[in-house]
Amino acid sequence: QVQLVESGGGLVQAGGSLRLSCAASGRTFSSYVMGWFRQAPGKEREFVATISRSGGNTYYADSVKGRFTISRDNAKNTVYLQMNSLKPEDTAVYYCAADERPSSIATTRAYRYDYWGQGTQVTVSS
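Summarised in this report is the structure supplied together with it. As the structure is a prediction and not an experimental result, all values here were calculated from the model.

## What to know about the sheet that holds strand E7 (residues 68–73)
Stage number 1. As summarised here, the arrangement of the four strands in space is E1-E3-E8-E7, forming an open sheet in which the pairing is antiparallel. The open sheet has two edge strands with one neighbour each: strand E1 (4–7) and E7. With direction set aside, neighbouring strand axes in the sheet form an average angle of 15°.
Stage number 2. Relative to strand E3 (residues 18–24), E1 runs antiparallel, the two being bridged by four bridges. Paired with Glu 6 across the bridge in E3 is Cys 22.

Laid out in structure tokens, this is it:
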């Protein structure tokens, strides 16, 4: 089992940047596919980005492609989400998640993730 704790959220003006971090407990972080999701008020949780165990494969939602970058440091048990050129529509609670299935490479569906963090609020003002 793994516990996930997100940090780095906050209030930023449109066009600005933030870097989210997600620290994982346990010794098997490198065995998890990791993902970032977000949920805006009144909307369903949506996929943002995912990264494979080694970090060699990444996949992004079209809405963030070219602006966001997911990365991981397995030595630090941490996954990151660098968010640039932020827009007001990026405002949401951002969650990191871990997929422990051995067959997974990069997972875009929320139901496939086994563990979730508590979320961190990102607010982008216009």
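## Comments concerning the pairing of strand E9 (residues 92–99)
As a general feature of sheets, a regular strand has side chains that alternate between the two faces.
Stage number 1. Counting buried positions along E9 yields seven of eight residues, so the element is predominantly enclosed.
Stage number 2. Two strands pair when backbone bridges link them, and strand E4 (residues 33–39) and E9 are joined in this way by seven bridges, in the antiparallel orientation. Residue pairing across strands places Gln 39 opposite Val 93, the latter belonging to E9.
Stage number 3. Strand direction decides the pairing type here: E9 and strand E11 (residues 120–125), joined by three bridges, are antiparallel. When the bridges of E11 are listed, Ala 92 appears paired with Val 122.
Stage number 4. Relative to strand E10 (residues 115–116), E9 runs antiparallel, the two sharing two bridges.

## Some details on the environment of Cys 96
Stage number 1. Secondary-structure assignment places Cys 96 in strand E9.
Stage number 2. For Cys 96 and Ser 17, which are 79 residues apart along the polypeptide, the C-alpha to C-alpha distance reads 18 Å.
Stage number 3. Discounting residues that sit within four places of it in the chain, Cys 96 has contacts with Leu 4, Glu 6, Cys 22, Gly 35, Trp 36, Tyr 115, Trp 116 and Gly 117.

## Digging into the side chain of Asp 99
Stage number 1. Of note, Asp 99 is situated in strand E9.
Stage number 2. On the basis of relative accessibility, which here comes to 0%, the residue Asp 99 falls in the buried class.
Stage number 3. Looking at Asp 99, its side chain comes within polar contact range of the side chain of Ser 104, at 2.6 Å.
Stage number 4. In this structure Asp 99 touches Ser 31, Tyr 32, Val 33, Ser 104, Thr 107, Arg 112, Tyr 113 and Asp 114, once residues within four positions along its chain are discounted.

## Some details on the pairing of E7
Stage number 1. Residues Phe 68, Ile 70 and Arg 72 of E7 are buried on one face, while the alternating residues Thr 69, Ser 71 and Asp 73, pointing to the opposite face, are not.
Stage number 2. As judged from the six bridges shared by E7 and strand E8 (residues 78–83), these two strands associate in the antiparallel manner. Bridging from a neighbouring strand, Arg 72 pairs with Val 79 of E8.
Stage number 3. The turn joining E7 and E8, which pair antiparallel and follow one another in sequence, is formed by four residues; a positive phi near 55° is taken by Asn 77.

The rules behind these values
- Throughout this description, residue numbers start from 1 for each chain and increase along the sequence as written.
- Restriction of local features to residues with pLDDT of at least 70 applies here, the model being predicted, together with a cutoff of 80 or more for giving and counting side-chain atom pairs; totals for whole chains, interfaces and linings are based on all residues.
- Calculation of side-chain values draws on the structure's entire complement of heavy atoms; hydrogens and water are dropped beforehand.
- Note: two strands are recorded as paired if DSSP finds a minimum of 2 bridges between them.
- Here a helix means four or more residues in a row that DSSP labels H or I, a strand means two or more in a row labelled E, and each is numbered from the N terminus.
- Axis lines are fitted through C-alpha atoms, for helices just across the contact stretch, and the angle between N-to-C directions can take any value from 0 to 180 degrees.
- Each residue's exposure class comes from its accessible area (1.4 Å probe, protein chains only) as a fraction of the maximum for that residue type: buried when under 20%, exposed when over 50%, partly exposed otherwise.
- Residues count as neighbours in contact if any of their non-hydrogen atoms are within 4.5 Å of one another.
- Under this definition, polar contacts are N or O atom pairs within 3.5 Å; protein pairs additionally need one hydrogen-donor-capable and one acceptor-capable atom, and for neighbouring residues in sequence, both atoms have to be side-chain atoms.

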